[in-house]
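# A look at the structure
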Amino acid sequence: MNRLFKTFGPGPRLAVPIMLFLLGGFAAPLLAVIAYSFVPARTFSLWQKWSLGNYVEIFQSSIYISFLWSLGLAVATVVILAIVCYPVAFGLTRVFGRWATLITLLFALPLFVSENVRIYGWILFFIKNGVLLGSLKSLFGFELESIVFTTGLTLLGMVYVYLPFMLFPMTLGVSMVPQQTRDAAFDLGASRWQVFKEVDLPLSMPGVVIGFLLTFVLAVGALAEAKVLGGQRVIPITHDIEIAFTYAQNWPLGAAVSVLLMLVVGTLVLLVLRRFDLDTIVGRR
Amino acid sequence: MAGTPILQLRNLTKVFGNFTAVNDIDLDFEEGEFFTIVGPSGSGKTTLLRMLTGMEFASSGDILLRGQRINDLPANKRPTCMVFQSLALFPHRSVGQNIEFSLKMKGVDPAVRKARALELMLQLRLPETYYSKNVTKCSGGERQRVALARALAYEPDILFFDEPLSAIDYKLRKTLEKELKDIHRETGKTFIYITHSLEEAMVMSDRIGVMRAGKLVQVGSPQEIYSAPQTKFVSEFIGDVNVIAVTAIGAASLRAAEFATNLKCLPVPAGFTAGYLVVRPESLRFVGSPGETDNCLEGRLYNEYVLGSRVQYQVRVGDHVFIVEKLRQQAFGGHRDDKVLIGWDAEGSILVTD
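Remember, predicted model here, so these are calculated numbers, not experimental data.

Here we take up the overall build of chain A. What chain A contains, in helices and strands, is 14 helices and 0 strands. Mapped in sequence order, the helices and strands of chain A form the string α-α-α-α-α-α-α-α-α-α-α-α-α-α. Its C-alpha atoms give chain A a radius of gyration of 24 Å, clearly above 19 Å, the size a compact globule of 285 residues would have. Dimensions of chain A along its principal axes, counting C-alpha atoms only, are 75 × 70 × 35 Å. Per-residue burial for chain A yields a buried fraction of 32% across its 285 residues. For chain A, long-range pairs separated by at least 24 residues make up 70% of all intrachain contacts whose partners lie at least 6 apart in sequence.

And the structure:
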């Protein structure tokens, strides 16, 4: 015991509880999922002949379409959020002044309400004869087509739900750009646009990249928006995974889809982090 | 100095809310001079500089560049450039890219840009291999040179400096001060420098302007500022000085109530009733008897400080602390708590107002 104490300092010793927790809560289930993805479809035992059959099945059935939908919606969400959030982040850092705290709080407030509650709230608001269309009808007599259960609303819902996850890292990134550096570029003859392109954008990149990754990873795993707001018009991959593990009782297929999703997302994240070495961007190395 | 003004300030004022940061300044900067604006923090020197560069706009008054009013011209349209306190180099760019920045903004051909950058690097004694080095990997002195090269590449009519040396250690600062003065000679451009250190200003400048609470209190050559300060503020700003509160009692005599004695001085200017007599530490001497100098006070040797080539002594007369300075070779042999006589001649003192 004494020797054990000498070999492991206080750091490793104090890390033991969380290590055990992560081992049991994260590593073990992950390994189980990976293992299940190789066993024959619709079976529940790991002790049989392993094959890549489940992976082949993904591309032979329509599951790969869900994959493309999930990736496509996630990319669209990230792009829209980038365009929407950068000006807000810029404003929060440089323009709004003492109002910035209040505005930040307003953006953060929805996070305190459950995502499902907010999404069902949207349904009540947008549905035919709901808050919006019903009021318009009874007050002015218009009758408009409801946008509920469309792919557009799914995307809008995702943009809305993941906005804080883009906005806050971006705001941090923008606030890391020193004012004197911007002044220097301006003083050296750069136009406002050139200052933005040459100084603001590259120096705020670490925050922007983190925002991209965070929202992309979350959006690929989105489920409720397509289910509730989109009325299952498009099926995201997460929905297929859920079905495989529940109704279909086809754990191996669900596991294979999950592993593939993790691989795709993991590869993208690695590629982005390799392309944008965060430390180099901010000049720390 | 040829005496051709390049930049003229007329009643220049900047007000923030109900605070007047820069108050009614009139000043002509001459073509090719090294002018330093000195003042303690909060004296308005940075605000003044920001107005000159176009990063801040004047509340009233005019800025004339070669006779043209440039008040409303933004920084990126002015033919002037500033070296920032933080240097504000672009951390995501190489040394070469930093220097070429202004040329790139103008759309100059990359090959021409590079040639110009290398030329400036040679002039500023930066090794050619640094062209593609990341600026964040350069030392403090090297970054200083990159910042200067970047500003020179803009080909400005006037170069402004906002205390770029303040964050650098003493020894390197002394080297860079001289280097900057050499570069001023080589380029022949007008340099306008701000600092809170009069010592730094003295080394480099052709002329110095001292600022206090938004006003310009004295303008002159380093010699003039040093030997003929007009106010107690300017005299004290230079460093250790001995200041005695006095009232005029005759054509060349003063009353120093604190020491209950009369002092001789150079002819008192007309209109002077009360003020301060300033005696520099090097003008004070230890004397054997009261008659040796025009004025003499008896005190107690309290402490001594060795400053390399010079030695300073703290002498207390009552509660008043005097500083006496001698060259090392002429060090005073007294001991602590010895009774000593310190004296000075009328020519060694300066009469100033508050």
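Let us now look at the confidence of the model for chain B. Taken as a whole, chain B shows an average pLDDT of 92; of its residues, 99% reach a score of 70 or greater. This complex was scored by the predictor with a pTM of 0.82 and an ipTM of 0.84.

The subject of this paragraph is the interface of chain A and chain B. With 19 residues of chain A at the interface, the matching set in chain B holds 19 residues. Mapped onto the side of chain A that touches chain B, the elements with two or more residues apiece are α9 (179-187) and α10 (192-220) of chain A. Per-element tally for the side of chain A that touches chain B: the top contributor is α9(A), with 7 residues.

With that settled, the discussion passes to the pairing of strand β9 (residues 207-212) of chain B. Residues and elements named next belong to chain B. Along β9, 5 of the 6 residues are buried, which leaves the element largely enclosed by surrounding structure. Pairing of β9 with strand β10 (residues 215-220) involves 5 bridges; the strand directions are antiparallel. Bridging from a neighbouring strand, Arg212 pairs with Lys215 of β10. In textbook terms, the turn of a hairpin is the stretch between consecutive antiparallel strands, and for β9 and β10 this stretch comprises 2 residues, one of which, Ala213, has a positive phi near 45°.

Moving on, we get to the sheet that holds strand β8 (residues 190-195) of chain B. Residues and elements named next belong to chain B. Taken together, the 6 strands give an open sheet; going across it, the order is β6-β7-β8-β3-β9-β10, and neighbouring strands pair in mixed fashion. Strand pairing shows two members of the sheet lacking a second neighbour, β6 (80-83) and β10, which therefore form its edges. Taken over all neighbouring pairs, the strand axes of this sheet differ in orientation by 20° on average, direction set aside. Pairing of strand β3 (residues 34-38) with β8, which is carried by 5 bridges, proceeds in the parallel orientation. In the sheet register, Thr36 faces β8, and the bridge partner there is Tyr193.

As a further point, take the packing of helix α4 (residues 63-95) of chain A against helix α8 (residues 151-175) of chain A. Describing two packed helices takes the angle between their axes plus the distance from one axis to the other. All names here are of chain A. Running from amino to carboxyl end, α4 crosses α8 at an angle of 45°, the nearest separation of the two axes being 7 Å. Relative to α8, the element α4 is oriented oblique. Crossing of α4 over α8 shows right-handed handedness.

With 9 of 12 residues buried, helix α2 (residues 95-106) of chain B is to be regarded as a mostly interior element. Looking at the buried residues of α2(B), the elements they touch are α9 of chain A together with α3 (110-123) and α4 (140-153) of chain B. Within two residues after α2(B), Gly107(B) carries a phi angle of roughly 80°, on the positive side.

With that out of the way, let us pick up the sheet that holds strand β5 (residues 68-69) of chain B. Residues and elements named next belong to chain B. Taken together, the 4 strands give an open sheet; going across it, the order is β2-β1-β4-β5, and neighbouring strands pair in antiparallel fashion. Edge positions in the sheet fall to β2 (19-30) and β5, since each of these pairs with one other strand and no more. Sheet analysis places strand β4 (residues 60-65) next to β5, joined by 2 bridges and oriented antiparallel. Within the sheet, the bridge partner assigned to Leu64 lies in β5 and is Arg69. This element, helix α1 (residues 45-53), spans β1 (5-16), β2 and β4 of the sheet and lies at about 60° to β2.

This paragraph deals with the nonpolar core. Counting residues in each nonpolar core, the largest one holds 110 residues, and the members touching the most others are Cys85(A), Tyr162(A), Ala219(A), Ala149(B) and Ala151(B). Ignoring anything within four residues of it in the chain, the contact list for Ala149(B) reads Ile99(B), Leu120(B), Met121(B), Leu124(B) and Leu126(B). Counting 20 residues, the second-largest nonpolar core is a separate cluster that includes Leu254(B), Leu277(B), Leu301(B) and Val340(B).

Moving on: the pairing of strand β18 (residues 320-327) of chain B. Put simply, side chains in a regular strand alternate between the two faces of the sheet. All names here are of chain B. Sheet topology places strand β17 (residues 310-317) next to β18; 8 bridges connect them, and they run antiparallel. Bridging from a neighbouring strand, Arg310 pairs with Leu327 of β18. Where β17 folds back onto β18 in an antiparallel hairpin, the turn is made up of 2 residues, including Gly318, whose phi is positive at roughly 65°.

A few words now on the domain arrangement of chain B. In many analyses, interface size is given as the accessible surface area lost on bringing the parts together. Residue and element names in this part refer to chain B. Split into domains, chain B comes out as domain 1 (5-232) and domain 2 (240-352). Look at where the C-alpha atoms of domain 1 and domain 2 centre, and you get two points 39 Å apart. Listed as interface residues are 5 residues of domain 1 and, on the opposing side, 5 residues of domain 2. Its residues assigned to classes, the side of domain 1 that touches domain 2 comprises 2 nonpolar, 2 polar and 1 charged.

It is worth spelling out the packing of α9(A) against α10(A) at this point. All names here are of chain A. It is the contact of α9 with α10, at a shortest axis distance of 10 Å, that shows an interaxial angle of 145°. In the crossing of α9 with α10, the sense of the turn from one axis to the other is right-handed. Listed contacts from α10 to Thr181, Arg182, Ala185 and Phe186 of α9 are Val195, Glu198, Val199 and Asp200. Counted by class, the contact of α9 with α10 contains 4 nonpolar, 1 polar and 3 charged residues.

Residue and element names in this part refer to chain A. Looking at the secondary structure, you find Leu144 in the loop between α7 (131-140) and α8. In this structure Leu144 comes out as exposed when scored by C-beta crowding, with 10 C-beta atoms within 10 Å. Sequence spacing of Leu144 and Leu132 is 12 residues, and the spatial spacing of their C-alpha atoms is 9.9 Å. Apart from residues no more than four positions distant in its own chain, Leu144 is found in contact with Leu133 and Leu136.

Reading guide: rules and limits
- Residues numbered from 1 in each chain as written.
- Chains lettered and ligands numbered in written order.
- Predicted model: local features only at pLDDT ≥ 70, side-chain atom pairs only at ≥ 80, totals over all residues.
- Helix = DSSP H or I, 4+ residues; strand = E, 2+ residues; numbered from the N terminus.
- Rg over C-alpha atoms; globule rule 2.2 N^0.38 Å.
- Buried ≥ 20, exposed ≤ 12 C-beta atoms within 10 Å, placed from the backbone.
- Contact = placed C-beta atoms within 7 Å.
- pLDDT = per-residue confidence, 0-100.
- Pairing = 2+ DSSP bridges.
- Axes fitted to C-alpha atoms, helices over the stretch in contact; angles between N-to-C directions.
- Parallel < 35°, antiparallel > 145°, perpendicular 65-115°, else oblique.
- Left-handed = near helix turned anticlockwise from the far one by under 90°.
- Core = buried A, V, L, I, M, F, W, Y, C linked by C-beta atoms within 7 Å.
- Domains from an automatic or database assignment.
- Nonpolar A, V, L, I, M, F, W, Y, C, P; charged D, E, K, R; others polar.

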